[in-house]
Amino acid sequence: MNEQRYKLKKDIASRIKILHLSFTGVVLIFLLYIVFGIMLNGKVASDFEQLRDSTIMRREVIPAHRGSIYSRNGEALATSITRRTIRIDFGNDRFRNMGYDKYKKEAAELARNLANYFGDRSAKEYYNDLIDYNKKTITYKSSTKVIKPKWWQFWREEEHITKNTATAKRKNRAVRLFRDVDINEWHEIKNFPLLRGGLGVTYSVEDHDYRVYPQGDLALRTIGRMEHHRSYGVEYALRDTLAGKAGKELKQIISPGYKITVRDKENIAAQDGLDVITTLDIDVQDVAHNALKEQLLAQNAMWGTTIVMECATGDILAMANLKRNGSECVEEQNYAIGIPVNPGSTFKLVSTMALLEHGVPTSKEYNSELGQRVKVGGKKGANVQDTHPIARETNGVIDMRRAFAESANVYFTKAVFDRFGDKPVEFSDYCRKLHLHETVGLEEMGARKKPLPHLNHKHPSRYNALVNMAYGYGLEITPLHTIALYNAVANNGRMVAPRLILRTEQEGKVVSEAPVRVIEEQICSKTTIDTLRLFMEDVSRIGTAAEFFGEKKCSFRTGSKTGTAQVDSEINGVRYTRDDGYYYGSMVTYLPADNPRYTIMTAIFTKQQTGKFYYGASLTGPVQKQVATFLYNRDRCYAEEIADGDFHASKIKGGNIDKIRKVANEYGDKFSAESRHGWGKSAPNEEGKLQISTLNTKSGCVPNVVGMGLDDALYLLEKSGLTVDIIGCGKVVKQSLSPNTAVATTNKRITITLK
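Residues numbered from 1 in each chain as written. Predicted model: local features only at pLDDT ≥ 70, side-chain atom pairs only at ≥ 80, totals over all residues. Heavy atoms only, no water.

When you go through the protein chain residue by residue, the secondary structure sums to 21 helices and 35 strands. Across the 755 residues of the protein chain, 46% fall into the buried class. When the accessible surface of the protein chain is totalled, it reaches about 38,600 Å², and 50% of it is carbon and sulfur. (Helix = DSSP H or I, 4+ residues; strand = E, 2+ residues; numbered from the N terminus. Buried < 20%, exposed > 50% of the residue type's maximum accessible area, 1.4 Å probe, protein only. Areas by Shrake-Rupley, 256 points an atom, 1.4 Å probe, with all protein chains shown as cover.)

In structure tokens:
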């Protein structure tokens with residue numbers, strides 16, 4: 001009995017144990033199920049978020065708006081405008097619901113509107129595209145349902161109901177129909193038929209910067225471009241400053257081709273680029289460009305450059321670089337800073353400076369040999385001659401002042417060899433002191449330099465090289481080097497680096513300024529500077545530049561130096577020798593002589609041709625004269641001397657419109673003008689208010705100079721190719737040739753009467 005009880009208890013205990021184990025197992029399984037479920041759900045959620053982020057959420061780069069480039073007067077040289085790329089979803093709800101027939105009708109109206117608005121394609125071409133896009137994105141289906149009458153509806157007939165449906169395809173739905181537009185254009189276009197109101201029409205709008213150049217090709221090589229195959233100029237040199245910094249934003253795709261910005265802590269706003277204010281003066285650049293272009297075409301020359309620099313600051317007011325291309329001229333290369341070439345006789349400034357600084361008196365005389373070829377420098381020297389006989393009255397004997405005025409090759413080679421022949425390295429070292437062996441500015445723009453001969457004992461032909469260097473051969477420098485040196489003479493010996501950038505701005509506030517950079521405080525003694533300026537004024541007055549700046553040719557005083565070199569240089573990979581007949585003619589001029597404000601240089605590369613000029617003075621003088629006259633006239637006061645309180649609009653002379661407006665403002669007189677620039681005539685209207693009317697100055701025709709002052713009248717008339725005779729003083733009241741008469745039909749002589 002006891003044994004049976006024991007077995008029963010043991011059996012019950014075993015069953016209870018099994019029950020406990022089973023319960024524990026179920027609990028464990030349940031717990032594991034919960035844990036794995038949570039983990040699985042987390043992974044699903046993570047995978048879903050990744051899928052969402054990869055399909056409808058995108059982090060995109062937001063480009064910054066590029067800064068603008070301005071002239072010193074605030075005129076835009078390069079700027080960006082916002083353009084919009086519009087992509088239209090041709091499978092949108094509105095197009096599907098309107099039906100094919102109505103779509104065709106509105107598409108025809110839209111096509112006519114687009115053709116009239118843009119003028120780039122015909123209405124038929126636009127219409128064909130609209131129909132084609134519709135067919136590619138929407139599938140039209142027609143189904144017929146038959147409704148039979150009930151057995152008891154014996155009076156009804158069987159009905160056939162046709163139902164039309166339109167289904168949009170999912171691919172290639174967003175299409176760019178027309179060119180990129182600005183904001184104002186888009187506001188008009190979206191009210192055209194088919195797009196009107198935008199209700200139900202899905203489209204994406206993508207804004208981006210589009211670079212424009214309001215001045216066209218004016219100063220193109222200086223302002224520059226940013227292009228895939230080539231970049232240059234200010235646009236390239238200051239590319240980081242102008243570009244700014246891109247930002248990034250999280251975007252959510254709402255529908256094909258349409259996105260919105262989503263708030264996110266990682267979003268970074270774009271920083272727009274800075275505006276760059278240059279030293280360029282558009283009016284001066286325009287005069288220099290046109291004057292250089294006229295001369296290149298007239299002389300059938302190959303290329304040329306004109307630079308205008310402000311003496312005190314080194315500011316580049318104009319830098320024209322033109323290459324003749326048939327009957328046109330293009331800005332293809334920056335010759336001013338990028339082409340080192342034999343300077344020719346403009347280098348005699350360096351020779352004269354070296355002689356004076358090393359104690360050679362201006363009274364030192366040499367025989368110029370009356371144009372005969374002579375060997376200078378002994379057996380190891382070079383053959384030299386002048387282009388014309390100098391000083392027949394003294395049998396060729398001249399002093400330094402006469403030699404400089406007449407650009408005497410023989411004189412300067414003899415003088416330099418006599419002074420430095422024992423130690424030629426002193427002359428080459430002096431050239432280095434003037435920084436001719438290194439760049440003098442605009443390095444960021446690509447300014448170039450060439451090694452300068454070092455005439456020490458290791459030089460294989462230092463005596464020959466010394467003689468050649470004395471009159472501008474055997475070395476190569478850029479026009480920028482030449483004008484920087486002459487500008488230092490005009491600036492009382494202070495050499496400043498050419499400057500092209502004035503400052504950078506952000507929303508009109510100055511961010512940084514470029515200071516005037518002084519290369520040398522004093523390139524030589526004050527006595528030498530005074531002598532050099534006296535010599536240069538002789539060149540303008542009675543020397544090689546007198547044809548353009550002589551007392552009877554010019555109403556203001558200047559200092560000049562001309563130069564002609566038979567090119568012996570490698571230019572753009574082509575080697576030119578003296579025997580090839582290629583010439584580099586140049587002229588440097590500063591004005592006004594008593595207190596110089598501007599230095600101008602023109603250099604032209606040409607080949608000797610029958611009936612064409614190739615000497616520096618004749619080749620470049622017309623350009624120098626036009627630019628110098630414009631600068632001088634612009635700085636003059638355009639109002640007559642008047643007593644206090646005795647002012648009237650009739651007192652203001654005609655001429656440069658900018659100056660007429662300036663004078664009127666100074667005297668507090670009200671005025672109205674048809675244009676802000678160019679040449680104009682001023683006269684009071686019935687109310688006594690100054691009225692400025694624009695003059696039509698046609699090329700090749702006699703301009704109307706009545707009402708102008710003498711300087712403006714001379715500038716316009718001489719620019720037209722006329723020789724001017726003057727009677728009286730004051731304001732022009734009469735001219736002998738009628739305005740707009742073709743100059744070619746006259747004897748090219750005009751008399752103006754002033755009163």
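Attention now moves to a nonpolar patch on the surface. Together, Phe23, Val27, Leu28, Phe30, Leu31, Tyr33 and Ile34 give the surface a local cluster of nonpolar side chains, amounting to about 740 Å² of exposed area. Relative to the helices and strands, Tyr33 resides in helix α1 (residues 2–55). (Patch = residues over 30% accessible without salt bridge, like charges linked within 9 Å, V, L, I, M, F, W, Y side chains within 5 Å. Salt bridge = Lys/Arg side-chain N within 4 Å of Asp/Glu carboxyl O.)

Moving on: the confidence of the model for the protein chain. Within the protein chain, residue pLDDT values average 84, and 86% of them lie at 70 or more. In this model residues 637–647 is a low-confidence stretch, pLDDT under 50, and it forms 22 contacts with partners more than four residues away in sequence or in other chains. (pLDDT = per-residue confidence, 0-100. Contact = heavy atoms within 4.5 Å.)

Along the chain, the position of Ile86 falls in strand β3 (residues 76–89). With relative accessibility at 2%, the residue Ile86 sits in the buried group. Residues contacting Ile86, with those up to four places away along its chain left out, are Val175, Arg176, Leu177, Phe178, Val181, Trp186, Tyr203, Ser204 and Val205.

On to the pattern of salt bridges. Going through the model one piece at a time under the given rule, you end up with 23 salt bridges. For the salt bridge of Arg179 with Glu185, the shortest nitrogen-to-oxygen distance reads 3.0 Å. By relative accessible area, which is 34% here, Arg179 ends up partly exposed. Glu185 gets classed as buried once you look at its relative accessible area, which sits at 13%.

Among the nonpolar cores identified, the biggest contains 150 residues, and Leu349, Met353, Tyr411, Phe427 and Ile523 are the most heavily contacted of them. Here Tyr411 is in contact with Lys364, Glu365, Tyr366, Ile398, Asp399, Met400 and Ala403, once residues within four sequence places are set aside. Counting 26 residues, the second largest nonpolar core, distinct from the first, contains Phe90, Met98, Tyr133 and Trp186. (Core = buried A, V, L, I, M, F, W, Y, C linked by side-chain atoms within 4.5 Å.)

With that out of the way, let us pick up the packing of aromatic side chains. Per the counting criterion, the structure on display carries 20 aromatic pairs. Taken together, a centroid distance of 6.5 Å and an interplanar angle of 40° make the contact between Phe178 and Trp186 tilted. With centroids separated by 4.8 Å and ring planes inclined at 65°, the aromatic side chains of Tyr576 and Tyr582 adopt a geometry described as edge-to-face. With relative accessibility at 11%, the residue Tyr576 sits in the buried group. Taking relative accessible area as the criterion, Tyr582 reaches 17% and is therefore assigned buried. Members of the aromatic cluster, each reached through a chain of ring pairs, are Trp303, Tyr335, Tyr576, Tyr582, Tyr584 and Phe605. Sitting over the face of the ring of Tyr236, Arg239 holds its NZ or CZ atom 4.0 Å from the ring centroid. (Phe/Tyr/Trp six-rings, centres within 6.5 Å; stacked < 30°, edge-to-face > 60°. Lys NZ or Arg CZ within 6 Å of the ring centre and 35° of its normal.)

A word on the pairing of β3. When you tally the buried positions in β3, you get ten out of 14 residues, the bulk of the element. Strand direction decides the pairing type here: strand β2 (residues 69–70) and β3, joined by two bridges, are antiparallel. Looking at β3, one finds that Ile69 is bridged to Ala78. Linking β2 back to β3 in an antiparallel pair, the connection comprises five residues, with Gly74 at a positive phi of about 90°. In this structure, β3 lies alongside strand β7 (residues 203–212), joined through ten bridges in antiparallel fashion. Bridging from a neighbouring strand, Thr79 pairs with Val212 of β7. (Pairing = 2+ DSSP bridges.)

This paragraph deals with the packing of helix α11 (residues 348–357) against helix α13 (residues 409–420). At a minimum axis distance of 10 Å, the contact between α11 and α13 shows a crossing angle of 40°. Between α11 and α13, the crossing angle belongs to the class labelled oblique. Relative to α13, α11 is oriented so that their crossing is left-handed. Here α11 contributes Lys348, Ser351, Thr352, Ala354 and Leu355 to the contact with α13, which in turn contributes Asn409, Phe412, Ala415, Val416, Arg419 and Phe420. (Axes fitted to C-alpha atoms, helices over the stretch in contact; angles between N-to-C directions. Parallel < 35°, antiparallel > 145°, perpendicular 65-115°, else oblique. Left-handed = near helix turned anticlockwise from the far one by under 90°.)

Here we take up the side chain of Thr352. Of note, Thr352 is situated in helix α11. Residue Thr352 is classed as buried on the basis of its relative accessible area, which comes to 0%. With sequence-adjacent residues up to four places away left out, Thr352 is seen in contact with Met400, Phe404, Phe412, Leu532 and Phe535.

Here we come to the sheet that holds strand β27 (residues 582–591). Strand order in the open sheet formed by six strands is β15-β14-β13-β28-β27-β24, and the pairing between neighbours is antiparallel. This sheet does not close on itself; its edge strands, each paired only once, are β15 (328–330) and β24 (559–566). Pairs of neighbouring strands in the sheet enclose a mean axial angle of 15°, with direction left out of account. When β27 meets strand β28 (residues 598–607), the two strands line up antiparallel, connected through ten bridges. Within β28, the residue paired with Tyr584 across the bridge is Phe605. In this fold helix α9 (residues 282–298) packs onto β13 (303–310), β14 (316–325), β15 and β28, with an angle of close to 25° to the strand it touches most, β14.

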